[in-house]
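A structural walkthrough
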Amino acid sequence: MAKTEEKGRIAIRVPIDIQETVQRAAEIMGTPVNAYIVQVVHQHALDAIDRYDMKNITLSESDSEWFLQQLTQLQQPHSKLKRALVNYHRRLHDPTTDYSPLFQAPPENAT
């Protein structure tokens with residue numbers, strides 16, 4: 001015999017334009033409106049909880065000391081980072097490649 005999961009109920013009233021938008025989105029996703037609402041609201045709730053939890057990280061005393069030490073110690077860049085910087089500058093200043101449009105504002109008369 002299958003075990004049934006207890007379910008709660010959340011009832012909401014929304015303006016008709018929001019209802020129509022949600023119904024359209026559910027149709028596009030190919031799911032019933034209730035399932036769509038549950039999926040979207042649940043994911044949004046999990047994201048909000050994750051953001052909140054990330055703001056409240058608790059470290060042990062030794063982890064706190066290590067973290068602060070890492071922030072205050074100057075580290076020399078390793079060889080891969082140095083090579084990446086050299087390659088970046090080489091490509092940026094390569095006369096055969098015109099990257100200048102990426103770094104310039106468009107002309108004022110451009111529409």
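Residues numbered from 1 in each chain as written. Predicted model: local features only at pLDDT ≥ 70, side-chain atom pairs only at ≥ 80, totals over all residues. Heavy atoms only, no water.

**As for the overall build of the protein chain**
Summing up its helical and strand segments, the protein chain has five helices and zero strands in all. Reading the protein chain from its N terminus to its C terminus gives the helix and strand order α-α-α-α-α. Of all 111 residues assigned to the protein chain, the portion counted as buried reaches 3%. For the protein chain, the computed accessible surface area is about 11,400 Å², with 57% contributed by carbon and sulfur atoms. (Helix = DSSP H or I, 4+ residues; strand = E, 2+ residues; numbered from the N terminus. Buried < 20%, exposed > 50% of the residue type's maximum accessible area, 1.4 Å probe, protein only. Areas by Shrake-Rupley, 256 points an atom, 1.4 Å probe, with all protein chains shown as cover.)

**Points about the confidence of the model for the protein chain**
Detailed reading of predicted coordinates is not advised where the pLDDT is low. Taken as a whole, the protein chain shows an average pLDDT of 86; of its residues, 85% reach a score of 70 or greater. Element-level mean pLDDT values for the protein chain span from 55 in helix α5 (residues 100-103) up to 96 in helix α1 (residues 16-29). (pLDDT = per-residue confidence, 0-100.)

**Some details on helix α3 (residues 61-72)**
Structural remark: α-helix, 3.6 residues per turn; residues separated by three or four positions point the same way. Along its 12 residues, α3 runs 17 Å from first to last C-alpha, staying within 8% of the 16 Å computed at 1.5 Å per residue. Along α3, only zero of the 12 residues are buried, which leaves the element largely exposed. (Expected span 1.5 Å × (residues − 1).)

**Quick word on the packing of α1 against helix α2 (residues 33-55)**
Where α1 contacts α2, the two axes come as close as 9 Å, and the packing angle between them is 95°. With respect to their mutual orientation, α1 and α2 come out roughly perpendicular. Along its contact with α1, which presents V22, Q23, A25, A26 and M29, the element α2 presents V33, Y36 and I37. Partitioning the contact of α1 with α2 into residue classes produces seven nonpolar, one polar and no charged. (Axes fitted to C-alpha atoms, helices over the stretch in contact; angles between N-to-C directions. Parallel < 35°, antiparallel > 145°, perpendicular 65-115°, else oblique. Contact = heavy atoms within 4.5 Å. Nonpolar A, V, L, I, M, F, W, Y, C, P; charged D, E, K, R; others polar.)

**Focus on a nonpolar patch on the surface**
Together, M54, I57, L59, W66, F67, L68 and L71 make up a nonpolar patch on the protein surface, roughly 780 Å² of accessible area in all. Looking at the nonpolar patch, the element that brings in the most residues is α3, giving four residues. Classification of L71 by relative accessible area gives exposed; the value is 58%. (Patch = residues over 30% accessible without salt bridge, like charges linked within 9 Å, V, L, I, M, F, W, Y side chains within 5 Å. Salt bridge = Lys/Arg side-chain N within 4 Å of Asp/Glu carboxyl O.)

**A short note on α1**
An ideal rise of 1.5 Å per residue puts 20 Å on 14 residues; α1 measures up with 20 Å between its terminal C-alpha atoms. Positive backbone phi, approximately 75°, marks G30, located one or two places after α1.

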